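Chain residues, written in single-letter form:
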Amino acid sequence: FQKARILAIFDDLDTILLMVPLKVIIVGLKWELTIDLFFVVVLLGVSWHWLHAKKIPVSSAATLFYAAIVTCVCESVHVITHYHIEDMDTVHLE
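Residues numbered from 1 in each chain as written. Predicted model: local features only at pLDDT ≥ 70, side-chain atom pairs only at ≥ 80, totals over all residues. Heavy atoms only, no water.

Attention now goes to helix 2 (residues 33–49). With 17 residues, helix 2 should cover 24 Å at 1.5 Å per step; its first-to-last C-alpha distance of 24 Å lies within 8% of that length. Leu-33, Asp-36 and Val-40 are the residues of helix 2 that are buried. All buried residues of helix 2 project into a common sector of 60° when viewed along the axis, lining one side. Among the exposed residues of helix 2, those oriented more than 90 degrees off its buried face are Phe-38, Val-41 and His-49. Considering only its buried residues, helix 2 is in contact with helix 1 (2–27). (Helix = DSSP H or I, 4+ residues; strand = E, 2+ residues; numbered from the N terminus. Expected span 1.5 Å × (residues − 1). Buried < 20%, exposed > 50% of the residue type's maximum accessible area, 1.4 Å probe, protein only. Arc of directions from axis to C-beta. Contact = heavy atoms within 4.5 Å.)

Mean pLDDT for the protein chain: 82, with 99% of residues reaching 70 or above. Within the protein chain, helix 1 has the poorest average pLDDT of any element, 77, and helix 3 (residues 60–84) the best, 90. (pLDDT = per-residue confidence, 0-100.)

Moving on, we come to a nonpolar patch on the surface. Judged by side-chain polarity, Leu-22, Ile-25, Ile-26 and Val-27 come together as a nonpolar surface patch covering roughly 420 Å² of accessible area. Along the chain, the position of Val-27 falls in helix 1. In this structure Val-27 comes out as partly exposed when scored by relative accessible area, which is 45%. (Patch = residues over 30% accessible without salt bridge, like charges linked within 9 Å, V, L, I, M, F, W, Y side chains within 5 Å. Areas by Shrake-Rupley, 256 points an atom, 1.4 Å probe, with all protein chains shown as cover. Salt bridge = Lys/Arg side-chain N within 4 Å of Asp/Glu carboxyl O.)

Between helix 1 and helix 2, whose axes approach to 10 Å, the crossing angle comes to 165°. Judged on the interaxial angle alone, helix 2 and helix 1 are roughly antiparallel. At the point where helix 1 passes helix 2, the crossing takes the left-handed sense. Contacts between helix 1 and helix 2 involve Leu-13, Ile-16, Leu-17, Val-20, Lys-23 and Val-24 from the first element and Leu-33, Asp-36, Leu-37, Val-40 and Leu-44 from the second. Taken together, the residues of the contact of helix 1 with helix 2 break down into nine nonpolar, no polar and two charged. (Axes fitted to C-alpha atoms, helices over the stretch in contact; angles between N-to-C directions. Parallel < 35°, antiparallel > 145°, perpendicular 65-115°, else oblique. Left-handed = near helix turned anticlockwise from the far one by under 90°. Nonpolar A, V, L, I, M, F, W, Y, C, P; charged D, E, K, R; others polar.)

Listed below in structure tokens is the structure:
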């Protein structure tokens with residue numbers, strides 16, 4: 001079980017790290033992608049720094065709550081850049 005867990009973590013990490021360069025290839029080099037890169041680097045840095053320092057709940061309800069928080073932040077960035085800031089392209093955080 002431990003080996004499958006580690007493989008799943010590396011699979012997710014690989015997906016996250018390759019999303020930004022893939023977006024650059026598809027969309028082109030736009031400065032708005034630095035916002036996406038900023039969120040990826042900050043979330044990875046926070047998770048790495050406090051990997052085992054903080055004990056947080058890992059139940060299915062807690063995981064659903066964490067996912068809701070991340071979804072709300074991503075959607076908020078999308079709404080703000082799409083409707084309220086007209087001088088820049090819309091930022092889509094995946």
